[in-house]
Amino acid sequence: MTDAPAPAPASADAQPPLHRRLGLTDGELGEIEKILERAPAPAELGMYSVMWSEHCSYKSSRAHLGRLPSEGEHVILGPGENAGVVDIGDGLAVVLRIESHNHPSFVEPYQGAATGVGGIIRDILTMGARPIASFDSLRFGRPQGPDARKQRWLARGVVSGISGYGNAVGVPTLGGEIFFDDCYSGNPLVNVMCLGIMPVEQLQLSAAEGVGNLVFLLGAATGRDGIGGVSVLASAGFTEADEEKRPNVQVGDPFAEKRVIEACLELYAQGLTVAVQDLGGAGLSCASSETAAQADLGMRINLDTVILREADMTPVEIFTSESQERMLVVTRPEDRDKVVEICAKWEVPLMEVGEVTAGDRLVGFHQGTVVCDVPAASLADGISYDRPLCRPARLDETERMDPTADLPPLAPQDTSEALLALMGSPNLADASWAWRQYDHQLFLNTVQGPGLDAALLRVKGTEKGLAVSLDGVGRYGRLNPHRGAALAVAEACRNVAVLGARPLAVVDCLNFGNPENPEIMWEFSASVDGIAEACLALDVPVVGGNVSFYNETAGQSIDPTPIVGVVGLLDSLQKRPTGMGFVASGDEIFVVGDTLPDLGASEWAAHVHAYTGGDAPTLDLAHEARLVDFLCALAATDLARSVHDVSLGGVAAALVQSALAGDAGVEVDPAAWAPHLTLSAALFSETSGRAVLSVLPEQAAELDALARVHAVPLHRVGTVTGGQVLGASLTDLAAAVACDL
Amino acid sequence: MIAVPVLPGVNCEHDTVWALQELGGAGVLVHHRAEALPSGTQGVWIPGGFAYGDYLRAGAIARFAPVMQAISAAAGEGMPVLGVCNGFQVLCEAGLLEGALTRNQGLRFLCQDVFLRVETTASALTCCTEAGDVLRVPVNHGEGRFVAEKATLDELEAHGQVLLRYCSSDGEVDAEKEAWNPNGSDRAIAGVSNRAGNVVGLMPHPERAVEEILGAQDGRPLVRSLLEAASVFVGAALLLPAAQSEGSSLHD
């Protein structure tokens, strides 16, 4: 046992006490003193403040996350480690995770997004896999109106940060989505999902087993960047004066990360690693305490061995720095030389920073003195709050609204004008200005890249394919948090099924406001239940996720925005998938799934009439499950000439998108697929569980038979012909969706 | 066998070896500190990526990597040496090819298909194509705008060193049209060679267009050209026997 480190000195009169400045409450300080049976030293206080932050400890959300279904026959590892791991057969596993980098991206969009990409890549790498694809879900304020300049600056900066880091680090960006709504004006969302693949036996765990084993830090030098990022940036709302938080954003170095990836993969391949943990939020505090706690052991860390960017960094700065591109690796002493050799080959700096010890204490030394001596698990386990819940009062108002009565009727002669107005929404715009900046082809796996319903990768060495989609509409959550979350799961599953892939696993990124507000906590709890309900109905487990709270600026919270990522597995990828574009004149068009009058949360209502009210779109989960089966069965045939999910903008937008993709117009009759609805509802309703597809006329009967087998309603819509959709020319529609921010 | 040097920060090395194998060839990864190419090397393919992070100027640091000495020597011997994307930038910085690659005209990174017109078949990149062929191949770069002084451009053209130009799907060339020449290269030049035709570089990625399942196969004749040129290369006198190959340990 070592001498206890000296306690933190009392603060000067003018300043609040140190623990509050670090974001800890008085009650939390009391807890720490109880654990340590003494007053904490400054470094200890700093370490608890980051480890017990909302970002690291999930202290508000943990009580709820257990309700998510996380088990399934293919699940190797569910939530709890750095990423979920799912068996896809042939001795291979897929590793996946999603994480937010919302707050850093608002403060500094390029570096915020760049380091978000870098961080999630290291999570995948930590599990033993090569990261092979990433996906981004982005939310900004509308790029028109009074705040347009700022919102465009944010969107451009985030996209170029993803491009600049992702391309150079050598992990292709295969897809994602961008959505604009004024609720994100003061708090954009940058959620990044990453996928890795590995032989099952290469799985790495984070338990630092084996007393006497060596602890290495490898990768970049440790600097003052990002100190307190998790407690200051990610765990508090914004005020007007947030320019001063800029130094808390880390700066990315993709060249360093690229070398770290290659070095780690070679260490794994040679079996040299006992435990691996990346350094992300809370830096070395987190990596050392978590690896020790996972093994129920202790760890000794000598801070003097850490390569620093600035010589005079204090112990707490070294322990909590969030400098990027660093990994903690535990190895056996006899493997030291091999580890040194591999890191030298890849020119990755390597530091032997400590060793695994008996007992349960994390002990840090700096210049010969003990600067921290705490139970590792007390840092790693964090704390948990059961926060109060209260149904948001606004729901009483929105539920009373009646979109059918409130929204103006659409006269047939105004259809083309309405359609062009709808397609001018930034949420239906062509996003190729963004994804053309992303390398989406590296590794030669990309069968279908960005801009379509889902991305599709082949799995080399097998006949398999993986489809990936990210979805989540905050506006649905505003009206109905529970169903909004369930709708995100349903849409993501439908999108992978469009390519014939069976939904295999879900990751979720739960973006919400301030959890200390009972109404926000209620939204969160309801959303968790919505995801759970949909995942059970669609038989797909949640294998990982991330919670981002405090998404508010000046008290204005974002809509509840759960972003759901689904990976689907295609057993036999023999041919390229059916596209979403119409193919030839004369093909018959169908909508599968019923259309109900769901206009209150629609893009048409929001964009054309500045209206959102009533309820989120109807969701029939039993139908969704049947639709997934139908779409998978359909993809196994040669029946469909085109197939495309119906979502934002309803059947009308789906028809436009298929028409533009195939450069072929349509003749359709809204009364045919929605005879009892108004024209606007038939065209723009966003009822869940639908897809638009086309077949050769002589195969319509066969399609009908397949739909009957799967008990999904099929409605004939019209015919592929000419150069118009609902009276609007393809040229005008192309101009409406054209976009370059 | 084609040597594929792995400069730190490149990322297309595995794809390059994969594409060579798809065409019946073989590629071997070579560490950037190797002072000689592996024995049996008949050609070199410097792959794409971000050598040394491209933090200074694409290719500017990479030209000093030890393996570049060996590659320069082999190029002088007449060995086919191909640089793709970042590899092209490295060859220009190393003075093995003329011209320079600067930031794209639109100042943005571009990952998209382009069309290329074959201008001459007299090179290690185009010997298995026909002049006038139009190939659909993706580009993936932020600094791909080929520029050179007018006199240099005239020289390149006069000696048949312009191998490929960006064009329309019908093979029409107009350097002013951004849709056809998206990075704004001088005279829409996408690929060039040295005077002898054995050192070749292009910005588009032929290795990304060799398989039907990935949606494009027009890179095949370009890869086949390199393999064909390598197969007839015999002047290996300068190759050292004590070659340092990374062998297969670099493979996934």
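As shown above, the structure is provided for reference.
Residues numbered from 1 in each chain as written. Chains lettered and ligands numbered in written order. Predicted model: local features only at pLDDT ≥ 70, side-chain atom pairs only at ≥ 80, totals over all residues. Heavy atoms only, no water.

Here we come to the overall build of chain A. Across its full length, chain A holds 28 helices and 28 strands. Over its C-alpha atoms chain A spans a radius of gyration of 26 Å, differing by no more than 12% from the 27 Å that the globule rule assigns to 741 residues. For the C-alpha atoms alone, the extent of chain A along its principal axes is close to 85 × 55 × 40 Å. In chain A, the share of contacts with a sequence separation of at least 24, taken over all contacts with a separation of at least 6, comes to 86%. Accessible surface, chain A: about 24,400 Å² in total, of which carbon and sulfur atoms supply 51%. Within chain A, one finds 49 positive and 96 negative side-chain charges whose respective centroids are separated by 2 Å. (Helix = DSSP H or I, 4+ residues; strand = E, 2+ residues; numbered from the N terminus. Rg over C-alpha atoms; globule rule 2.2 N^0.38 Å. Contact = heavy atoms within 4.5 Å. Areas by Shrake-Rupley, 256 points an atom, 1.4 Å probe, with all protein chains shown as cover. Lys, Arg positive; Asp, Glu negative; His and termini not counted. Charge placed at Lys NZ, Arg CZ, Asp CG, Glu CD.)

Our focus in this paragraph is the sheet that holds strand β1 (residues 2-6) of chain B. All names here are of chain B. Ordered by their spatial adjacency, 9 strands build an open sheet running β2-β1-β3-β4-β11-β10-β9-β6-β7, and the pairing between neighbours is mixed. A strand with exactly one partner marks an edge of an open sheet, and here the two such strands are β2 (27-31) and β7 (134-141). For this sheet, the mean angle separating the axes of adjacent strands, direction not counted, is 25 degrees. The pairing of strand β9 (residues 162-167) with strand β10 (residues 189-193) spans 3 bridges and is classified as antiparallel. Bridge assignment links arginine 165 to a residue of β10, and that residue is isoleucine 189. Packing against the sheet, helix α2 (residues 66-76) makes contact with β1, β2, β3 (43-46), β4 (81-84) and β11 (199-202), and its axis sits at approximately 130 degrees to β3. (Pairing = 2+ DSSP bridges. Axes fitted to C-alpha atoms, helices over the stretch in contact; angles between N-to-C directions.)

On to the nonpolar core, then. Core analysis: the biggest nonpolar cluster contains 117 residues, and Leu419, Met423, Phe630, Phe684 and Val725 of chain A have the highest contact counts within it. Here this core takes 11 residues from helix α20 (residues 481-498) of chain A, the largest share from any one element. Mapped onto the domain boundaries, this core takes at least three residues apiece from domain 1 (54-380) and domain 2 (392-429 + 578-741) of chain A. Discounting chain neighbours no more than four positions away, the residues touching valine 725 of chain A are Leu419, Leu655, Val656, Ala659, Val666, Leu730 and Leu733 of chain A. Leu29, Val44, Phe88 and Leu96 of chain B belong to the second largest nonpolar core, which has 71 residues in total. (Core = buried A, V, L, I, M, F, W, Y, C linked by side-chain atoms within 4.5 Å. Buried < 20%, exposed > 50% of the residue type's maximum accessible area, 1.4 Å probe, protein only. Domains from an automatic or database assignment.)

Turning our attention to the interface of chain A and chain B. Contacts between the two partners involve 35 residues from chain A, matched on the other side by 35 residues from chain B. When the area that chain A buries against chain B is broken down by residue, the three leading residues are Phe255, Arg436 and Leu444 of chain A, summing to 22%. Remark: the boundary between chain A and chain B carries 4 salt bridges. The interface formed by chain A and chain B includes 16 residue pairs in polar contact (both at pLDDT 80 or more). Mapped onto the side of chain A that touches chain B, the elements with two or more residues apiece are α8 (148-169), α10 (254-269), α13 (336-345) and β14 (446-448) of chain A. (Buried area = accessible area lost by both parts, 1.4 Å probe. Salt bridge = Lys/Arg side-chain N within 4 Å of Asp/Glu carboxyl O. Polar contact = N/O pair within 3.5 Å; in protein donor to acceptor, adjacent residues only side chain to side chain.)

Moving on to the packing of helix α23 (residues 621-635) of chain A against helix α27 (residues 700-709) of chain A. Residue and element names in this part refer to chain A. Remark: α23 packs on α27, axes separated minimally by 9 Å, with the N-to-C direction vectors making an angle of 140 degrees. Between α23 and α27, the angle falls in the class oblique. The element α23 and its partner α27 pack so that their crossing is right-handed. Seen from α23, the contacting residues are Phe630, Ala633 and Leu634; seen from α27, they are Leu703, Leu706 and Ala707. Here the contact of α23 with α27 is built from residues that sort into 6 nonpolar, no polar and no charged. (Parallel < 35°, antiparallel > 145°, perpendicular 65-115°, else oblique. Left-handed = near helix turned anticlockwise from the far one by under 90°. Nonpolar A, V, L, I, M, F, W, Y, C, P; charged D, E, K, R; others polar.)

Let us look at unusual backbone geometry. Phi angles above zero are rare outside glycine, and aspartate 539 of chain A is one such case at about 55 degrees. Its identity as a non-glycine residue notwithstanding, tyrosine 52 of chain B has a phi of 55 degrees, on the positive side. A residue is classified by how much of its surface remains accessible, and tyrosine 52 of chain B, at 19% relative accessible area, is buried.

Another point: the pattern of salt bridges. Taken as a whole and assessed by the stated rule, the structure comprises 49 salt bridges over all chains. Across the salt bridge formed by aspartate 123 of chain A and arginine 97 of chain A, the nearest N and O atoms sit 3.4 Å from each other. With aspartate 123 of chain A in helix α7 (residues 109-126) and arginine 97 of chain A in strand β3 (residues 92-100), the pair connects residues that are 26 residues apart, well separated along the chain. Given the relative accessible area of 5%, aspartate 123 of chain A is considered buried. The shortest N-O distance in the salt bridge between aspartate 373 of chain A and arginine 361 of chain A comes to 2.8 Å. Here arginine 361 of chain A lies in strand β12 (residues 361-366) and aspartate 373 of chain A lies in strand β13 (residues 369-375), a separation of 12 residues in the sequence. A relative accessible area of 24% means that arginine 361 of chain A is categorised as partly exposed. Here the salt bridges share partners, and the residues they tie into one network are Arg117, Glu119, Lys150, Asp154, Glu157, Arg165 and Arg187 of chain B.

By themselves, these observations are geometric and do not establish any function.
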